[in-house]
Amino acid sequence: MNWEIIGSIGQLVAAVGLIPTLIYLAIQVREQSKANHHASLDLLSTQWTELLKTMSDNSDFGPIYLSGLQDFDALDPPSRLRFGAYLLRIFRYWDGVYFHFLDGTLPAPYWHSIERQIQDIAPHHGVRVWWQSRKHWFTDEFGRMLDATISEIKQSNAYTGYGSAPADRGES
């Protein structure tokens, strides 16, 4: 046997040994990707829960929120600031979630549940007034999506059971 044949056999054995290693590596990458995906969804859920705690943990914020939905400009300056800061947090969250949806890392069903939240909140007159003054703070993609959503929604009854009038598409 000459050295060329021995070298070729060695290369063949190495190539055959590499195949299981590549399969194992592919499985590990896929599992890590799934774990990262689940962690991202858990983080988004946690962030939404933290946003909701603003209302549940602050008894004085609920009336500000319901009034702000109807008429942002009618709020006194400190209430306008609090309502606007709350909307900024929600819209920043939605902007980030929309980015993940566009880049394919957020499953469509999860995005559609967020989209329904947007459809319930964004058409309110007070929210539209705030949005017009702050839309330049957000990504263009999110702005176009939100503007299209607001223009399509006829009415939101999301808060009518809370003593708030339905949102209509009146001029903002």
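A short tour of the structure in this document, coming up. (Residues numbered from 1 in each chain as written. Predicted model: local features only at pLDDT ≥ 70, side-chain atom pairs only at ≥ 80, totals over all residues. Heavy atoms only, no water.)

**Points about the pattern of salt bridges**
Where charged atoms from two side chains of opposite charge come close, those side chains can pair.
Then step 1. Here the structure, examined in full by the defined rule, presents three salt bridges.
Then step 2. Put simply, Arg92 and Asp95 hold a salt bridge, and the shortest N to O gap is 3.3 Å. Here Asp95 and Arg92 lie together in helix H3 (residues 77-102), a separation of three residues that amounts to about one turn.
Then step 3. By relative accessible area, Asp95 is classed as buried at 5%. (Salt bridge = Lys/Arg side-chain N within 4 Å of Asp/Glu carboxyl O. Helix = DSSP H or I, 4+ residues; strand = E, 2+ residues; numbered from the N terminus. Buried < 20%, exposed > 50% of the residue type's maximum accessible area, 1.4 Å probe, protein only.)

**A word on the packing of helix H2 (residues 61-70) against H3**
Then step 1. At their nearest, the axes of H2 and H3 sit 10 Å apart, and the two run at 80° to each other. The orientation of H2 relative to H3 falls into the category roughly perpendicular. Facing H2, whose interface residues are Phe61, Ile64, Tyr65, Gly68 and Leu69, H3 presents Ser79, Arg82, Phe83 and Tyr86. (Axes fitted to C-alpha atoms, helices over the stretch in contact; angles between N-to-C directions. Parallel < 35°, antiparallel > 145°, perpendicular 65-115°, else oblique. Contact = heavy atoms within 4.5 Å.)

**Comments concerning the packing of H2 against helix H5 (residues 125-134)**
Then step 1. Across the interface, H2 lies against H5 with an axial gap of 4 Å and an inter-helix angle of 75°. Overall, the two elements H2 and H5 adopt an arrangement that is roughly perpendicular. Note on element contacts: H5 touches H2 through His125, Gly126 and Val127, opposite Gly68, Leu69 and Gln70.
Then step 2. Residue composition of the contact of H2 with H5, grouped by class: two nonpolar, four polar and no charged. (Nonpolar A, V, L, I, M, F, W, Y, C, P; charged D, E, K, R; others polar.)

**Quick look at the packing of aromatic side chains**
Then step 1. Counted according to the given criterion, the structure contains 18 aromatic pairs.
Then step 2. Taken together, a centroid distance of 6.2 Å and an interplanar angle of 40° make the contact between Phe61 and Tyr65 tilted. Here Phe61 pairs with Tyr65, and both are found in helix H2, just four residues apart, close to one helical turn. Here Phe61 and Tyr65 have matching classes, each one buried.
Then step 3. Plain terms: the ring middles of Tyr98 and Trp111 are 5.0 Å apart, the flat faces sit at 45° to each other, and that makes the pair tilted. Of this pair, Tyr98 sits in helix H3 while Trp111 sits in helix H4 (residues 108-121); the two residues are 13 residues apart in sequence, bridging distant segments of the chain. Considered together, Tyr98 and Trp111 belong to a single accessibility category, that of buried residues.
Then step 4. Members of the aromatic cluster, joined through ring pairs, are Phe91, Trp94, Tyr98, Phe101, Trp111, Trp130, Trp131, Phe138 and Phe142. (Phe/Tyr/Trp six-rings, centres within 6.5 Å; stacked < 30°, edge-to-face > 60°.)

**Here we look at H2**
The α-helix advances 3.6 residues per turn, and as a result positions three or four apart in sequence lie on the same side.
Then step 1. Within H2, the full set of buried residues consists of Phe61, Ile64, Tyr65, Gly68 and Leu69. With its buried residues spanning 130° around the axis, H2 presents them on a single face. (Arc of directions from axis to C-beta.)

**Details of helix H6 (residues 140-152)**
Then step 1. Over its 13 residues, H6 runs 18 Å from end to end, which matches the ideal 18 Å to within 8%, given 1.5 Å per residue.
Then step 2. Where H6 is concerned, the buried positions are Phe142, Gly143, Met145, Leu146, Thr149 and Ile150. Buried residues in H6, looked at end-on, bunch into an arc of 165°, giving them a common side. Structural note: H6 exposes Asp140, Arg144 and Glu152 on the side pointing more than 90 degrees away from its buried face.
Then step 3. Close packing links the buried residues of H6 with H3, H4 and H5. (Expected span 1.5 Å × (residues − 1).)

Coordinates in, geometry out; function isn't part of it.
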